[in-house]
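# Observations on the three-dimensional arrangement
This is what each chain is made of:
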Amino acid sequence: MISIGQFAKMVQTSTRTLRFYESIGLITSSKRESNNYRTYDEKQIPEVMRIKELQSLGFTLDEIKTIIKVSHDDFKKQIIRKLEEVDRDLNELRHRKDR
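Now for a description of the structure that goes with this document. Along each chain, residue indices are assigned from 1 in the same order as the chain's sequence is written. For a predicted model such as this one, the threshold for reporting local features is a pLDDT of at least 70, and the threshold for listing and counting side-chain atom pairs is 80 or more; totals across whole chains, interfaces and linings nevertheless cover every residue. Calculated side-chain values reflect all of the structure's heavy atoms, with hydrogen atoms and water omitted.

Next up on the list: the environment of L57. Helix and strand definitions here come from DSSP, where helices need a minimum of 4 consecutive H or I residues and strands a minimum of 2 consecutive E residues; each element is numbered from the N-terminal end. Positionally, L57 belongs in the loop between helix 3 (45-56) and helix 4 (61-67). The sequence separation of L57 and K82 amounts to 25 residues, and the corresponding C-alpha distance is 8.9 Å.

And the structure:
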């Protein structure tokens, strides 16, 4: 088991962020020690990295919560929908710039 501090370093985020992710249901700690400290498992690293990657692509935490609970096909649909949204936003900005 890995302490929250060590885990935060491994996934390059803060302990505060991990606690927040847990509070909104994005992740769960593997277990709580007798002193109530959160511990994590190395198997959770890809989960947190996926959350961070999706955030970097512009997904909100609510959208990410939905994405991580859906099938691969639904995940693709979510990505396509987000890309279309970003494309519309870019077109809108270009249109405003040309005015």
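Read on, since the account is not over.
Quick look at helix 5 (residues 72-97) now. Compared with the 38 Å implied by 1.5 Å per residue over 26 residues, the 37 Å span of helix 5 between its first and last C-alpha is a close match. The buried label goes to any residue with under 20% of its type's maximum accessible area, the exposed label to any with over 50%, and the partly exposed label to all in between, with areas taken from a 1.4 Å probe on protein chains only. Those residues of helix 5 not exposed but buried are F75, Q78 and K82. Against helix 3 and helix 4 lie the buried residues of helix 5. A helix is expected to reach a length of 1.5 Å times the quantity of its residues less one. Contacts were defined at the residue level, with two residues in contact if any of their heavy atoms lie within 4.5 Å.

Within this document, salt bridges are pairs made up of a side-chain nitrogen of Lys or Arg and a carboxyl oxygen of Asp or Glu, the two lying within 4 Å of each other. Taken as a whole, this structure holds four salt bridges when the rule is applied. Note that R38 is salt-bridged to E22, the shortest N-O span being 2.8 Å. On the criterion of sequence distance, the pair formed by R38 in strand 3 (residues 38-40) and E22 in helix 2 (residues 15-23) is long-range, its members being 16 residues apart. Notably, a salt bridge pairs E92 with R96, separated by 3.0 Å at the nearest N-O pair. Of this pair, E92 and R96 both sit in helix 5, four residues apart, roughly one helical turn. By relative accessible area, E92 is classed as partly exposed at 36%. What emerges from the salt-bridge pattern is a single network uniting E63, K82 and E85.

A pair of strands is considered paired only if DSSP assigns at least 2 bridges between the two. Taken in spatial order, the three strands of this open sheet run 1-3-2, and their pairing is antiparallel. On the outer flanks of this sheet lie strand 1 (2-3) and strand 2 (31-32), each paired with one strand and no other.

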